[in-house]
Amino acid sequence: MTSPYEHLFVRKMQNCIDDLVNEGAAAGVVDPDNVGTPLALMRSNEVPESKIHLTYTWIGKCDEPVQWVKEHEHDYDEVLIWHGNDPDNVDDLGAEIYLDIEGVRHTITTSGSVYIPAGMRHCPLGFNRVDRPFRFSALSLSPNYESDEHEPKK
């Protein structure tokens, strides 16, 4: 018997590079070699009822600064999440990343997240160094990823 809720599951994460208009080549920024394939954990493409857009990618090693995401804003709230891969020290990100919010630079060296309210300018986002791979996710409180600089991606 098939569950009547099967349509709510994402069992194979799909490549969502086309959704991400502020990252890498789509934003006119050189795609960093240390950024993995962006995968969709949840979005309306796979689950039409979804009210969120959640992506996931691995960030690999680098020893020189690289910019990944350019400055932008959304008309919805967003949560950016980064977490290291050491189960014995969950706070240790194993990297130093930077993120600007309204032009103020923040340096991040521990696992964590940041809440970005709708309309708040944020980024650039990049890496000063990455000593070991870590996971990065972006949770958009919208079924589609959109920004002020580009047409919405469906």
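Residues numbered from 1 in each chain as written. Predicted model: local features only at pLDDT ≥ 70, side-chain atom pairs only at ≥ 80, totals over all residues. Heavy atoms only, no water.

Caption draft 1: Quick look at the overall build of the protein. Looking only at helices and strands, the protein features 0 helices and 10 strands. The order of α-helices and β-strands along the protein, N terminus first, is β-β-β-β-β-β-β-β-β-β. Pairs at least 24 residues apart make up 75% of the contacts formed inside the protein by residues separated by at least 6 positions. Counting every atom, the protein has about 8200 Å² of accessible surface; 53% of that belongs to carbon and sulfur. (Helix = DSSP H or I, 4+ residues; strand = E, 2+ residues; numbered from the N terminus. Contact = heavy atoms within 4.5 Å. Areas by Shrake-Rupley, 256 points an atom, 1.4 Å probe, with all protein chains shown as cover.)

Caption draft 2: Summary view of unusual backbone geometry. Omega for the peptide link from Cys 123 to Pro 124 comes to 20°, which places this bond in the cis form. Relative to the helices and strands, Pro 124 is located in strand β9 (residues 122–130). In the Ramachandran plot, Glu 102 falls in the positive-phi region, its phi being about 50° despite a non-glycine side chain. With respect to the helices and strands, the residue Glu 102 is situated in the loop between β6 (92–101) and β7 (104–110). Of the residues examined, Glu 102 reaches a relative accessible area of 48% and is grouped as partly exposed. (Buried < 20%, exposed > 50% of the residue type's maximum accessible area, 1.4 Å probe, protein only.)

Caption draft 3: The arrangement of the layout of surface pockets in detail. Taken as a whole, the largest pocket holds about 270 Å³ of empty space. Lining of the largest pocket is provided by 25 residues; of these, Leu 20, Glu 23, Val 35, Pro 38 and Trp 68 occupy positions nearest its centre. At the level of elements, β3 (53–59), β4 (66–69), β5 (78–83), β9 and β10 (134–140) are the ones that each hand at least two residues to the lining of the largest pocket. When grouped by side-chain class, the residues that make up the lining of the largest pocket number 14 nonpolar, 8 polar and 3 charged. (1 Å grid on protein atoms, 1.4 Å probe; cavity = no way out; pocket = protein on both sides within 12 Å on 5 of 7 lines; lining within 4 Å. Points joined across faces, edges and corners; volume = space filled by probe spheres on them. Nonpolar A, V, L, I, M, F, W, Y, C, P; charged D, E, K, R; others polar.)

Caption draft 4: Molecular detail of the sheet that holds β6. With respect to topology, 4 strands assemble into an open sheet ordered β4-β9-β6-β7, the strand pairing being antiparallel. In this open sheet, the two edge strands, each paired with only one partner strand, are β4 and β7. Each adjacent strand pair in this sheet contributes to an overall mean axis angle of 25°, direction not counted. Here 3 bridges tie β4 to β9, and the two strands are oriented antiparallel to one another. Its bridge partner lying in β9, Val 69 is registered against Leu 125. (Pairing = 2+ DSSP bridges. Axes fitted to C-alpha atoms, helices over the stretch in contact; angles between N-to-C directions.)

Caption draft 5: The nonpolar core, seen in detail. Counting 22 residues, the largest nonpolar core has Trp 82, Phe 127, Phe 134 and Phe 136 as the members making the most contacts within it. Ranked by residue count, the leading element in this core is β6, at 5 residues. Ignoring sequence-local partners within four residues, the contact set of Phe 127 consists of Asn 34, Val 35, Ile 59, Cys 62, Glu 64, Pro 65, Val 66, Trp 68, Glu 96, Ile 97, Tyr 98 and Phe 134. Judged by nonpolar contacts, the second largest core, of 6 residues, contains Leu 20, Val 21, Tyr 76 and Tyr 145. (Core = buried A, V, L, I, M, F, W, Y, C linked by side-chain atoms within 4.5 Å.)

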